[in-house]
Amino acid sequence: MKINAQRLWNREQEIGEFGRDPRGGISRFAWTPEYREAALLLIKWMEEAGLSVRIDTVGNIYGRCEGRENLKPVLTGSHFDTVPMGGKFDGLAGIMTALEVLTTMKEQGYCPRRPIEMIAFINEEASQFLGGHFGSKAICGMLPHDFAETSVDRNTGKTMKQAMLEYDMGLEPDNFEGSLIKEEDYFAFIELHIEQGKYLLKKNLPLAVVDDIAGIHQFYITYYGESAHSGGMAMEDRHDAFQAAAETACEVERLALESGSPTRGTVGYVTVEPNEHNIVANKVTISVDFREVQDDIWQRLYDDVIKFTEKQCVKRGLTCEVKKTISTAPCHCHKVLKEIIEESTKENQIPYMHMVSYPAHDAMQMGRLYPMAMIFLRSSNGGVSHCPDEFTTKEDLAAGAEVLYDTICKICELDSI
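Residues numbered from 1 in each chain as written. Predicted model: local features only at pLDDT ≥ 70, side-chain atom pairs only at ≥ 80, totals over all residues. Heavy atoms only, no water.

Trainee: Which parts of the structure should I look at to understand the environment of Lys 346?
Mentor: In this fold, Lys 346 is placed in helix 10 (residues 335-347). Taking relative accessible area as the criterion, Lys 346 reaches 55% and is therefore assigned exposed. (Helix = DSSP H or I, 4+ residues; strand = E, 2+ residues; numbered from the N terminus. Buried < 20%, exposed > 50% of the residue type's maximum accessible area, 1.4 Å probe, protein only.)

Trainee: Please explain the packing of aromatic side chains as it appears in this structure.
Mentor: Any aromatic ring pair is given by two values, namely how distant the centres are and how the planes are angled relative to each other. If you walk through the whole model with that rule in mind, you get 13 aromatic pairs. Between Trp 31 and Phe 129, the aromatic rings sit 5.8 Å apart at their centres with planes inclined by 65°, giving edge-to-face as the arrangement. Residue Trp 31 is found in the loop between helix 1 (5-16) and helix 2 (33-48), and its partner Phe 129 is found in the loop between strand 4 (116-121) and helix 4 (134-139); the two are separated by 98 residues along the sequence. Per residue, the accessibility class of Trp 31 equals that of Phe 129, and both read buried. Centroid distance Phe 89 to Phe 391: 5.7 Å. Interplanar angle 80°. Geometry classified as edge-to-face. Taken as a pair, Phe 89 in the loop between strand 3 (74-79) and helix 3 (92-108) and Phe 391 in the loop between strand 14 (372-377) and helix 12 (394-412) lie far apart in primary sequence, 302 residues in all. Using a relative accessible area of 2% as the deciding quantity, one classes Phe 89 as buried. Ring-pair connections join several aromatic residues into one group, and the members of that group are Trp 31, Phe 129, Phe 134, Phe 147 and Phe 176. Sitting over the face of the ring of Tyr 62, Arg 54 holds its NZ or CZ atom 3.8 Å from the ring centroid. Over the ring of Tyr 302 we find Lys 324; its NZ or CZ atom is 4.5 Å from the centre of that ring. (Phe/Tyr/Trp six-rings, centres within 6.5 Å; stacked < 30°, edge-to-face > 60°. Lys NZ or Arg CZ within 6 Å of the ring centre and 35° of its normal.)

Trainee: Quick question: what am I supposed to make of the side chain of Gln 312 here?
Mentor: Among the structural elements, Gln 312 can be located in helix 9 (residues 295-316). Beyond its immediate sequence surroundings of up to four residues, Gln 312 is in contact with Tyr 223, Gln 243, Ala 244, Glu 247, Thr 248, Gly 317 and Leu 318. (Contact = heavy atoms within 4.5 Å.)

Trainee: Help me understand the packing of helix 1 against helix 3, please; the structure alone is not making it clear to me.
Mentor: Each packed pair of helices is defined by two parameters, the angle between the axes and the distance between the axes. The contact between helix 1 and helix 3 brings their axes to 10 Å, and the two run at 140°. As judged from the angle between their axes, helix 1 and helix 3 are oblique. Helix 1 and helix 3 meet at a crossing whose hand is right-handed. Residue-level contacts link Arg 7, Leu 8, Arg 11, Glu 12, Ile 15 and Gly 16 of helix 1 to Leu 92, Ala 93, Met 96, Thr 97, Leu 99, Glu 100, Thr 103, Thr 104 and Glu 107 of helix 3. By residue class, the composition of the contact of helix 1 with helix 3 is six nonpolar, four polar and five charged. (Axes fitted to C-alpha atoms, helices over the stretch in contact; angles between N-to-C directions. Parallel < 35°, antiparallel > 145°, perpendicular 65-115°, else oblique. Left-handed = near helix turned anticlockwise from the far one by under 90°. Nonpolar A, V, L, I, M, F, W, Y, C, P; charged D, E, K, R; others polar.)

Trainee: Can you help me understand the environment of Glu 236 in this one?
Mentor: Its location among the elements puts Glu 236 in the loop between strand 7 (215-224) and helix 8 (241-257). Exposure remark for Glu 236: the relative accessible area of 67% places this residue in the exposed category. Separated by 80 residues in sequence, Glu 236 and Arg 316 have C-alpha atoms that sit 9.0 Å apart.

Trainee: Which parts of the structure should I look at to understand the layout of surface pockets?
Mentor: Here the idea is plain: a probe the size of a water molecule rolls over the atoms and shows the empty space left. Estimated volume of the largest pocket: approximately 1,100 Å³. What lines the largest pocket is a set of 42 residues, among which Glu 125, Gln 218, Asp 289, Arg 291 and His 386 lie closest to the centre. Broken down by secondary-structure element, the contributors of at least two residues to the lining of the largest pocket are strand 7, strand 8 (264-266), strand 10 (283-292), strand 11 (319-328) and strand 13 (352-357). Split into classes, the residues belonging to the lining of the largest pocket amount to 17 nonpolar, 17 polar and eight charged. In this structure, the second largest pocket encloses a volume near 530 Å³. In terms of lining, the second largest pocket is formed by 24 residues, of which the most central are Leu 130, Gly 131, Lys 323, Lys 324 and Thr 325. Listed by contribution, the elements that provide at least two residues to the lining of the second largest pocket are helix 4 and strand 11. Of the residues forming the lining of the second largest pocket, the biggest block, six residues, is contributed by strand 11. By residue class, the composition of the lining of the second largest pocket is eleven nonpolar, eight polar and five charged. (1 Å grid on protein atoms, 1.4 Å probe; cavity = no way out; pocket = protein on both sides within 12 Å on 5 of 7 lines; lining within 4 Å. Points joined across faces, edges and corners; volume = space filled by probe spheres on them.)

Trainee: Looking at this model, I keep getting lost on the pairing of strand 14. Mind explaining?
Mentor: Consecutive side chains along a regular strand alternate between the two faces of the sheet. Along strand 14, six of the six residues are buried, which leaves the element largely enclosed by surrounding structure. Side chains of strand 14 alternate between two faces, with Met 372, Met 374 and Phe 376 and Ala 373, Ile 375 and Leu 377 buried alike. Inspection of the sheet shows strand 6 (residues 207-213) paired to strand 14 by three bridges, in the antiparallel sense. Within the sheet, the bridge partner assigned to Val 209 lies in strand 14 and is Ile 375. (Pairing = 2+ DSSP bridges.)

Trainee: Would you mind going over helix 8 with me for this structure?
Mentor: Working note: α-helix, 3.6 residues per turn, so residues spaced by three or four point in the same direction. Given a rise of 1.5 Å per residue, 17 residues ought to cover 24 Å, and the 25 Å separating the end C-alpha atoms of helix 8 matches this to within 8%. Listing the buried residues of helix 8 in full gives Ala 241, Ala 244, Ala 245, Thr 248, Glu 251, Val 252, Leu 255 and Ala 256. Along the axis of helix 8, the buried residues cluster in a sector spanning 130°; they form a single face. Away from the buried face of helix 8 by more than 90 degrees, exposed residues Cys 250 and Leu 257 are located. In this fold, the buried residues of helix 8 make contact with strand 7, strand 8, strand 10 and helix 9. Its side-chain oxygen at 2.9 Å from the backbone nitrogen of Phe 242, Asp 240 defines the N-terminal cap of helix 8. (Expected span 1.5 Å × (residues − 1). Arc of directions from axis to C-beta. Polar contact = N/O pair within 3.5 Å; in protein donor to acceptor, adjacent residues only side chain to side chain.)

Trainee: I would appreciate a short explanation of the side chain of Thr 82 in the present structure.
Mentor: One can find Thr 82 in the loop between strand 3 and helix 3. The class of Thr 82 is buried, set by a relative accessible area of 4%. Of note is the side chain of Thr 82, whose polar atom sits 2.8 Å from the backbone nitrogen of Arg 28. Excluding residues that lie within four positions of it along the chain, Thr 82 makes contacts with Ile 26, Ser 27, Arg 28, Phe 29, Gly 87, Glu 125 and Ser 127.

Trainee: Looking at this structure, how should I read helix 1?
Mentor: Taking 1.5 Å as the rise per residue, helix 1 with twelve residues should run 16 Å; its terminal C-alpha atoms sit 16 Å apart, in good agreement. Each element contacted by the buried residues of helix 1 is listed here: helix 2, helix 3 and helix 12. In this structure Asn 4 caps helix 1, since a side-chain oxygen of it lies 3.2 Å from the backbone nitrogen of Gln 6.

In structure tokens:
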């Protein structure tokens, strides 16, 4: 084994503690003091590995290893933030394996043909500022110029601009353009990530080559009706916002089950007003989350729910409002890069499988600009993630780093993809 498995594990554990939540797990949110502490340690390790480090205008952290030739770099990495009371491996595994790969190359005196850069994306989870994949969307030009002004912390009411300035790392919330990357800036992007499910666990396999990343439609539907006495108002005379929401939730499940694909459809958030047992609800908001890998089905799911919502309004005499938070089309991993990952796993005698990612990743945004691929590592401990019990073994983490090392080396030798 080329990489230092113990160092990788120790660093994963050490930096993963930043944001320790007294309720359990890790809550390391973008632009917070604990995130800054973790970022400073990461930068220290990157500089010790001989990388040239920079932070862009929104807070993404880059580290660069020069190559033998002046060619487009290979970029690898993942996100540095967590969900509330999350774990130590989601996102962080991709950053720490990237750092271990570049540290090992430096120690071995290996200079790749192409430059290699690692990146720690900021605010992928969007735990405070909703939307998801902020860091990758910002650099890919997918956010409006005034996003930092209009995005508000859902818990404190603080604007993203305030948070970025208080972070005190030289960020420029009015200069998203300064973070932009172009198609000619990089050669390929590779992201290593934990699976966050139990397919690998059930198959007793440490690693997967990702074929596709499912697209996401995530939005809120608010129905507006009319409050009335639960005894006094006849059923046929009601304008019941909750019954419309309940039927919509059932429709989301039906559409997912009958799509002809392994679609995920979820309603996980509900608010009801006035939320009293003897009053017909006058306002109800539900969340809808669709995950689908086929482009045509992905679009149809959203369209069908909107049509259903409009019919509910007519049926019950309601009005409604739809607010989108994520609308990201499916992204498909590059055939050549997948073949290289496969070759690397075979050379390291690591058993693997192919799979689709239904969770979204920064790789989706990067895949709009560059050839992209992903490596998944087994999630042990029941396959759970986004919780304190999230766990990937030291051995699987090391296996992933070894495959990432060989994969990047091979990509660096390519003239084209």
